[in-house]
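This is what each chain is made of:
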Amino acid sequence: MYHYQNESTERLFRCIAEIQSAEECAAFFEDLCTIKEIQDMAQRLETAMLLDEGQSYQKISEKVGVSAATISRVSRSLNYGSDGYKAALKRLKETENK
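Because the structure is predicted, anything quoted here is derived from the model rather than measured.

Here is what the cut-offs are and how they apply
- Residues numbered from 1 in each chain as written.
- Predicted model: local features only at pLDDT ≥ 70, side-chain atom pairs only at ≥ 80, totals over all residues.
- Heavy atoms only, no water.
- Helix = DSSP H or I, 4+ residues; strand = E, 2+ residues; numbered from the N terminus.
- Buried < 20%, exposed > 50% of the residue type's maximum accessible area, 1.4 Å probe, protein only.
- Contact = heavy atoms within 4.5 Å.
- Areas by Shrake-Rupley, 256 points an atom, 1.4 Å probe, with all protein chains shown as cover.
- Lys, Arg positive; Asp, Glu negative; His and termini not counted.
- Charge placed at Lys NZ, Arg CZ, Asp CG, Glu CD.
- Core = buried A, V, L, I, M, F, W, Y, C linked by side-chain atoms within 4.5 Å.
- 1 Å grid on protein atoms, 1.4 Å probe; cavity = no way out; pocket = protein on both sides within 12 Å on 5 of 7 lines; lining within 4 Å.
- Points joined across faces, edges and corners; volume = space filled by probe spheres on them.
- Nonpolar A, V, L, I, M, F, W, Y, C, P; charged D, E, K, R; others polar.
- Salt bridge = Lys/Arg side-chain N within 4 Å of Asp/Glu carboxyl O.
- Axes fitted to C-alpha atoms, helices over the stretch in contact; angles between N-to-C directions.
- Parallel < 35°, antiparallel > 145°, perpendicular 65-115°, else oblique.

Enquirer: It is not clear to me how the overall build of the protein chain should be interpreted in this structure. Could you clarify?
Expert: Along the backbone of the protein chain there are 6 helices and 0 strands. Going from the N terminus to the C terminus, the protein chain shows its helices and strands as α-α-α-α-α-α. Once the C-alpha set of the protein chain is aligned to its principal axes, its extents read approximately 40 × 35 × 25 Å. Relative to its full complement of 98 residues, the protein chain shows a buried share of 18%. Long-range contacts, defined as pairs at least 24 residues apart, comprise 31% of the intrachain contacts of the protein chain with a sequence gap of at least 6. Taken as a whole, the protein chain presents about 7500 Å² of accessible surface, with 52% of it coming from carbon and sulfur. Here the protein chain holds 13 positive side-chain charges and 16 negative ones, and the gap between their average locations is 7 Å.

Next up, the structure:
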């Protein structure tokens, strides 16, 4: 268990894991988060995808509109984190290639 996890966060993760479609997921996150929070998460995922493709910080900043600090944070997570980005990107690539 990670240091931030407790009964509430575990319930949140179980709830997300039970979502059945992209539409259901969008509705849940729209109710749960602000539009800005959703956009920020989408930018981080886009940043992780571009880093995984070997894009430079400058190109990522220009394309996604994020700061070097955000790119660095995503890069650290991608390279030294819990492999959450890696697993998600792998599944996304598999799904998009179908």
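Enquirer: Looking at this structure, how should I read the nonpolar core?
Expert: Nonpolar side chains in soluble globular proteins tend to be buried together. Counting residues in hydrophobic clusters, the biggest one holds 10 residues: Ala48, Leu50, Leu51, Ile60, Val64, Val66, Ile71, Val74, Leu78 and Leu89. Isoleucine 60 has contacts with Thr47, Leu50, Leu51, Gln55, Gly65, Val66 and Ile71, leaving out every residue within four places of it along the chain.

Enquirer: Looking at this model, I keep getting lost on the layout of surface pockets. Mind explaining?
Expert: To locate leftover empty space, one rolls a probe as large as a water molecule over the atoms. Approximately 1400 Å³ is the volume attributed to the largest pocket. Around the largest pocket sit 29 residues that line it, and Ile16, Leu45, Gly84, Tyr85 and Ala88 are the ones nearest its centre. Listed by contribution, the elements that provide at least two residues to the lining of the largest pocket are helix H1 (7-17), helix H2 (22-32), helix H3 (35-52), helix H5 (68-80) and helix H6 (84-96). The class makeup of the residues in the lining of the largest pocket is 18 nonpolar, 6 polar and 5 charged.

Enquirer: Where do I start with the environment of valine 66 in this structure?
Expert: Topologically, valine 66 is positioned in the loop between helix H4 (57-64) and H5. Ignoring any residue separated from it by four or fewer positions in sequence, one finds valine 66 in contact with Gln43, Thr47, Ile60, Ser61 and Ile71.

Enquirer: Just checking my understanding: could you explain the pattern of salt bridges for this structure?
Expert: When charged atoms on two side chains of opposite charge get close, those side chains can pair. For the coordinates displayed, the defined rule picks out 4 salt bridges. The residue aspartate 40 makes a salt bridge to lysine 36 at a minimum N-O spacing of 2.7 Å. With a gap of 4 residues between them, aspartate 40 and lysine 36 both fall in helix H3, about one helical turn apart. Close ionic contact of aspartate 52 with lysine 93 constitutes a salt bridge, the shortest N to O distance being 2.6 Å.

Enquirer: Is there a simple way to think about the packing of H1 against H2 in this case?
Expert: Packed helix pairs are specified by the crossing angle of their axes together with the interaxial distance, meaning the distance between the axes. It is at 11 Å that the axes of H1 and H2 come closest, and there the two elements cross at 150 degrees. Judged by the angle between their axes, H1 and H2 are roughly antiparallel. Residues Leu12, Cys15 and Ile16 of H1 form the contact with H2, whose own contacting residues are Phe28, Phe29 and Leu32. Residues that form the contact of H1 with H2 fall into these classes: 6 nonpolar, no polar and no charged.

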